[in-house]
Amino acid sequence: MGKREKEIEVEKNIKRCKEDVIFDTVIFIILTILLVIVAYPLWWVIISSFSDPKAVSGGHVIWLPIGFNLKGYAEVFQDDSVVRSFLNSVVYTVCGVLINLAVTLPTAYALSRDKFSGKKFITIFYVITMFFSGGLIPTYMVIRNLQLLNTMWALVLPGCLSVYNMIVARTFFKSNISEELYEAAEIDGCTQGRFFFQIALPLSGAITAIMVLYYGVGHWNSYFSALIYMSDQTKYPLQLVLRSILITNETALQQAATTAEARAALNEKKQLIEVMKYSLIIISSIPVLVLYPFIQRHFVKGVMIGSVKG
């Protein structure tokens, strides 16, 4: 019997005291309650999007879908712009994340090196931007003067560096990529650039995954920048199109109310719009839900190492 098997056997033979059992039971109950509090709203949105609009508006949907149907999704996808905007958002997100990584990781690595002169001043310069900004109008003027209006670059370039993410990545590099490792590589003739790409980056998979998740979610959920800088509807991202669909339906509903249409048709439209809201939430959340399982195993490690140590 190996050492590990012996340890397991000893643990089985150890009788837990009454206080430990009570403590574990209380913790289990508390965590279960917290899980229900957090998970139930998400579950309710999902089942409501697949339920009959009358059942949702009547408050009958509690644990399972009632009158299963896809009216909300069908109403959303009747608009051809949904698929086009979905592809636009994919392009904006992928390009945006690549630019974010290309800017954030080298910056974080450089500021993590002890021998980099002027890093304190540069770090302070970056941190100041977390508290002060030029504002919307000056930013819009810069984008306009650079002739970036109505282009993808207006959405991905202004926020290409998040100072918070850069600080997390810098702490990760400082904690995990030691100066001794660089000195050993330098003896073999390795330059800073080669060390970064061939040694530092391969050892930084955890923090890279976290940056992909943070930046990716930010780009995917963003709609305000497109609302300000985009005028060509064929270039709208998904979030802005979904917002437009919802507003258009609500506006039509208000107009119907002023034209004295039948009350039954008006109530049915109200109920459908309510279900559409939940369908829009699901549609816009699917890509993030698909991405998260691939990054989840790096998530805790990357965040904890990048924010606690150093």
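For the structure itself, look to the data block above.
Residues numbered from 1 in each chain as written. Predicted model: local features only at pLDDT ≥ 70, side-chain atom pairs only at ≥ 80, totals over all residues. Heavy atoms only, no water.

> Describe the layout of surface pockets, naming the residues involved and giving the relevant values.
In this structure, the largest pocket encloses a volume near 600 Å³. Listed by contribution, the elements that provide at least two residues to the lining of the largest pocket are α7 (136-145), α8 (153-156), α12 (205-221) and α13 (224-229). Among the elements that take part in the lining of the largest pocket, α13 stands out by supplying four residues, more than any other. Empty space within the second largest pocket amounts to approximately 190 Å³. Within the residue set of the lining of the second largest pocket, elements represented by two or more residues are α5 (81-112), α12 and α15 (263-307). (1 Å grid on protein atoms, 1.4 Å probe; cavity = no way out; pocket = protein on both sides within 12 Å on 5 of 7 lines; lining within 4 Å. Points joined across faces, edges and corners; volume = space filled by probe spheres on them. Helix = DSSP H or I, 4+ residues; strand = E, 2+ residues; numbered from the N terminus.)

> With reference to specific residues and values, describe the nonpolar core.
Within the largest apolar cluster, 31 residues are counted, with the highest numbers of intra-cluster contacts made by V76, V82, L155, M230 and L238. Of all the elements in the fold, those that place two or more residues in this core are α2 (18-49), α3 (53-57), α4 (71-77), α5, α8, α14 (238-258) and α15. No other element matches the seven residues that α15 contributes to this core. When neighbours within four sequence positions are excluded, V82 is seen to be in contact with V76, F77, L238, V241 and I245. In terms of nonpolar packing, the next biggest core, distinct from the first, is built from 24 residues, L101, A108, L111 and I207 among them. (Core = buried A, V, L, I, M, F, W, Y, C linked by side-chain atoms within 4.5 Å. Buried < 20%, exposed > 50% of the residue type's maximum accessible area, 1.4 Å probe, protein only. Contact = heavy atoms within 4.5 Å.)

> Before we move on, could you go through the packing of α5 against α12 and cite the residues and values that matter?
In a packed pair of helices, the relevant descriptors are the angle between the two axes and the axis-to-axis distance. The interhelical angle for the contact between α5 and α12, taken along N-to-C directions, is 140°, at an axis separation of 9 Å. Considering the angle they form, α5 stands oblique to α12. The interaxial crossing formed by α5 with α12 has right-handed handedness. In this structure, α5 uses F86, S89, V90, Y92, T93, G96, V97, N100, L101, T104 and L105 to contact α12, whose residues at the interface are T208, M211, V212, Y215, G216, H219 and W220. Its residues placed into classes, the contact of α5 with α12 shows 10 nonpolar, eight polar and no charged. (Axes fitted to C-alpha atoms, helices over the stretch in contact; angles between N-to-C directions. Parallel < 35°, antiparallel > 145°, perpendicular 65-115°, else oblique. Left-handed = near helix turned anticlockwise from the far one by under 90°. Nonpolar A, V, L, I, M, F, W, Y, C, P; charged D, E, K, R; others polar.)

> I'd love a proper account of the side chain of N165, names of residues and values included.
Examined against the element boundaries, N165 turns out to sit in helix α9 (residues 163-176). We classify N165 as buried; its relative accessible area is 6%. In contact with N165, not counting residues within four places along its chain, are T104, M211, Y214 and Y215.

> Which residues make up the packing of aromatic side chains, and what values go with them?
For the coordinates displayed, the defined rule picks out 13 aromatic pairs. Summarising the aromatic geometry, the rings of F196 and F197 are spaced 5.0 Å apart at their centres and angled 75° between planes, so their arrangement reads as edge-to-face. Owing to a relative accessible area of 57%, F197 belongs among the exposed residues under this scheme. In textbook terms, an aromatic cluster arises when at least three aromatic residues are bridged by ring pairs, as seen for Y109, F172, F173, F195, F196 and F197. (Phe/Tyr/Trp six-rings, centres within 6.5 Å; stacked < 30°, edge-to-face > 60°.)

> Go over α12 with me, naming the residues and quoting the values.
Between its first and last C-alpha, α12 extends 24 Å over 17 residues, near the 24 Å set by a 1.5 Å rise per residue. Among the residues of α12, those classed as buried are A206, I207, A209, I210, M211, L213, Y215, G216, H219 and W220. (Expected span 1.5 Å × (residues − 1).)

> Let's hear about the packing of α5 against helix α11 (residues 192-200): which residues, and what values?
Running from N to C, α5 and α11 point in directions that differ by 115°, and their axes come no closer than 12 Å. Comparing the axis directions of α5 and α11 gives the class roughly perpendicular. Considering only the axes of α5 and α11, their crossing is right-handed. Between α5 and α11, the residues in contact are L105, P106 and Y109 and Q192, F195, F196 and A200, respectively.

> Kindly report on the environment of N88, identifying the contributing residues and their values.
With respect to the helices, strands and loops of the structure, N88 is situated in helix α5. For the pair N88 and L238, spaced 150 residues apart in sequence, the C-alpha to C-alpha distance is 7.2 Å. Beyond its immediate sequence surroundings of up to four residues, N88 is in contact with T234, K235, Y236 and P237. A polar atom in the side chain of N88 sits 3.1 Å from the backbone oxygen of Y236. (Polar contact = N/O pair within 3.5 Å; in protein donor to acceptor, adjacent residues only side chain to side chain.)

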